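# Fold and contact review
The lines below spell out each chain.
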Amino acid sequence: MSKRRLLLLNLGSPDAPTPEAVKRYLKQFLSDPFVIDIPQPLRYVLVNGLIIPKRKFSSAEAYEKVWTENGSPLVDITRSFAVSVSEELGSTWDVRWAMRYGSPSISSVLGDWNDQELYVVPLYPQYAESSTRTALEEVRRWAKGSFFYLQDFFSEPEFIQSEVRQIQNSLSAYRPDHLLLSFHGLPEHHLQKLYPKHCTLSPNCSDQVTPENRLCYRAQSFATARAITSGLDYPSANVRIGFQSRLGRRPWIKPYTDVVVEELAKNGARKLLVACPSFVADCLETLEEIQMRLSEQFISAGGEELRMVPAPNNEIHWVKNFAAMIQRESLEWKK
């Protein structure tokens, strides 16, 4: 019996925490029209003339802080997760992994595979064109035939169960004043471009996921937050939501994580726990941005201690839940 092929995709990382390696990575990443969606000539000037010359040094310093003996945390965790999922799924599946930017590339992994049935899972719980779609378009470019894929898994019970378990373990050990669920941010116009007739970005527009906003990243993030909160043994009134990692002058999805943290500290919060449910593997955005920089900001604003909930990473409960999700008959694969 032929094996089913499962390709796990993640964002990617520089090959080394050096300015030159970061330059190569940022050039590939930021030149993607799904990431910076402006006309190509303007994007070229912006990326190569303004962003990279400044950010290659600061980003290299940030990567250096989280780099391990096994290299990039994101790459190392994704690699080990794929191995564990392969062992959990057994001999009927052939599991591999690739990065949208950097190594191993999608083209190099797909080049070694024949035209057996292919299943693709971008490891982003919430859908966004700048993460999920661009990864799937790259698969479509190199795949030898059609394939099945997961569009998102923001509310799948197996994902929520693992998130709840990770967060509850930290809550029980730490007993914080507040829990902040911090999602990666997106520019507001990415949502408005996807749903020009329906996107209002009003305070209650993300109260539920409907056919009119099915792929709205903000709505999906709030749905994930509601599902996680309902599963926790923790007062929902003490749970806040934020969106991190904003860049540039254009407005991004609100509320902003750094603003929420400042407000909590100034209003008397002393112990803050932060979880990042848009990341299933720890990376620069969790380890450096949240665990280091945001912690310093919280303390500077009057807080005492900020702790971060580790992502599910390669935890056995997440491996088992993910494998169960993949094999569940009711899971909605797209083609």
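Above this text is the structure in question.
Fair warning: this is a prediction, and the values are worked out from it, not measured in the lab.

Rules behind the numbers
- In every chain, residue numbers begin from 1 and rise along the written sequence.
- Side-chain atom pairs in this predicted model are given and counted only at pLDDT of 80 or more, local residue features only at pLDDT of at least 70, and totals for whole chains, interfaces and linings cover all residues.
- Heavy atoms throughout the structure, all of them, feed into the side-chain values; hydrogens and water do not.
- Whenever Lys or Arg places a side-chain nitrogen within 4 Å of a carboxyl oxygen from Asp or Glu, that contact is recorded as a salt bridge.
- Strands here are runs of E lasting at least two residues and helices are runs of H or I lasting at least four, both read from the DSSP assignment and numbered beginning at the N terminus.
- Residue burial is assigned from relative accessible area. The probe radius is 1.4 Å, only protein chains are included, and a residue is buried under 20% of its type maximum, exposed over 50%, and partly exposed in between.
- Being paired, for any two strands, means DSSP has found at least two bridges between them.
- Here a residue-residue contact requires only that any non-hydrogen atoms of the pair lie within 4.5 Å.
- Every angle, taken between N-to-C directions, lies between 0 and 180 degrees, and every axis is a line fitted to C-alpha atoms, over only the stretch in contact when it is a helix.
- Points on a 1 Å grid over protein atoms alone make up a cavity when a 1.4 Å probe fits among them but cannot get out, and a pocket when they form an open set with protein on both sides within 12 Å along at least five of seven lines; lining residues each have an atom within 4 Å of a point.
- Grid points are joined across faces, edges and corners, and a volume is the space filled by probe spheres set on the points.

## Some remarks on the pattern of salt bridges
A full pass over the atoms with the stated rule returns 21 salt bridges. When the shortest N-O distance is used, the salt bridge between Asp-76 and Arg-79 registers 3.0 Å. One end of the pair is Asp-76 and the other is Arg-79, both in helix 3 (residues 73-89) and three residues apart, which spans about a single turn. Overall, Asp-76 belongs to the partly exposed group, its relative accessible area being 22%. Exposure remark for Arg-79: the relative accessible area of 33% places this residue in the partly exposed category. Residue Arg-140 is joined to Glu-137 by a salt bridge in which the shortest nitrogen-to-oxygen separation is 3.2 Å. One end of the pair, Arg-140, and the other, Glu-137, are both in helix 5 (residues 129-142), three residues apart, so they sit about a helical turn from each other. For Glu-137, a relative accessible area of 30% corresponds to the partly exposed category.

## Notes on the environment of Arg-240
On the secondary structure map, Arg-240 appears in strand 6 (residues 239-244). Considered as a pair, Arg-240 and Leu-180 are 60 residues apart in the sequence and their alpha carbons are 4.7 Å apart.

## What to know about the sheet that holds strand 3 (residues 118-122)
With parallel pairing, the four strands of this open sheet are ordered in space as 2-1-3-4. This sheet does not close on itself; its edge strands, each paired only once, are strand 2 (93-101) and strand 4 (148-149). Alignment of strand 1 (residues 4-12) against strand 3, held across five bridges, turns out to be parallel. By the bridge assignment for strand 3, Leu-9 is matched with Pro-122. Along the sheet, helix 1 (residues 19-30) contacts strand 1 and strand 2; its crossing angle with strand 2, the most-contacted strand, is approximately 95°.

## As for the layout of surface pockets
Computed from the structure, the second largest pocket encloses a volume of approximately 220 Å³. For the second largest pocket, the lining is made up of 15 residues, of which His-198, Cys-199, Cys-205, Ser-206 and Asn-213 are closest to its centre.

## Here we look at the side chain of Arg-5
Mapped onto the secondary structure, Arg-5 falls in strand 1. Its relative accessible area of 5% is what places Arg-5 among the buried residues. Setting aside anything within four residues of it in sequence, one finds Arg-5 in contact with Trp-93, Asp-94, Trp-113, Asn-114, Asp-115, Gln-116, Glu-117, Leu-118 and Tyr-119.

## A word on the pairing of strand 7 (residues 271-275)
Counted residue by residue, strand 7 has four buried out of five residues, so it is predominantly covered. In the sheet, strand 5 (residues 178-184) pairs with strand 7 via four bridges, with the strands oriented parallel. Residue Leu-181 lies in a different strand from strand 7, and its bridge partner there is Ala-275. Bridge count between strand 7 and strand 8 (residues 305-308): four bridges; the pairing is parallel. In the strand pairing of strand 8, Val-274 is matched with Met-308.

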